[in-house]
Amino acid sequence: MNTLDQITEAVIRRGDLAHLALFVWASGASALLAMTLRDLFAANRRFDAFVRELSLFNRRHSGDPP
């Protein structure tokens, strides 16, 4: 029996099923938040690279010195 099964069994034996459900919900919500933030940061980096390339393109084709 692994550690997670032992913890789950102990919680169920004590009758703290609501606490277990709350912990599972909070863990899932935290994991989703972490994944969302990771994707948001990646999108921000891609957008920043796009704006830099667009700025470089505009400087090259506007006749202004770099």
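Since we're looking at a predicted model, the values are computed, not measured.

Time to look at the UniProt feature "transmembrane region" (unreviewed entry) in the protein chain. Within this structure's numbering, the places UniProt gives as "transmembrane region" (unreviewed entry) are residues 20-37. End C-alpha atoms of residues 20-37 are separated by 26 Å, and the span's content is 100% helix alongside 0% strand.

What follows covers the pattern of salt bridges. Proximity of charged atoms lets side chains of opposite charge pair with each other. On inspection of all chains with the given rule, the structure shows three salt bridges. We note a salt bridge from Asp39 to Arg38, for which the minimum N-O separation is 3.8 Å. Notably, a salt bridge pairs Asp48 with Arg52, separated by 2.6 Å at the nearest N-O pair. Of this pair, Asp48 and Arg52 both sit in helix α2 (residues 17-62), separated by four residues, roughly a single helical turn. Under the relative-accessibility criterion, Arg52 is labelled exposed at 56%.

So, how was this worked out
- Residue positions within a chain follow its written sequence, with the count starting from 1.
- Residue-level local features of this predicted model are given only where pLDDT is at least 70; pairs of side-chain atoms are given and counted only at 80 or more, and the full residue set underlies all totals for whole chains, interfaces and linings.
- Water and hydrogen atoms play no part in the side-chain values, which are based on all heavy atoms of the structure.
- UniProt positions are given in the numbering used here, feature names are shortened, and annotations may be inferred rather than shown by experiment.
- Each helix is a run of H or I in the DSSP string that is no shorter than four residues. Each strand is a run of E no shorter than two, and both are numbered from the N terminus.
- When a carboxyl oxygen of Asp or Glu lies within 4 Å of a side-chain nitrogen of Lys or Arg, that pair is called a salt bridge.
- Only protein chains enter the accessibility calculation, which uses a 1.4 Å probe; a residue whose area is less than 20% of its type maximum is buried, one above 50% is exposed, and one in between is partly exposed.

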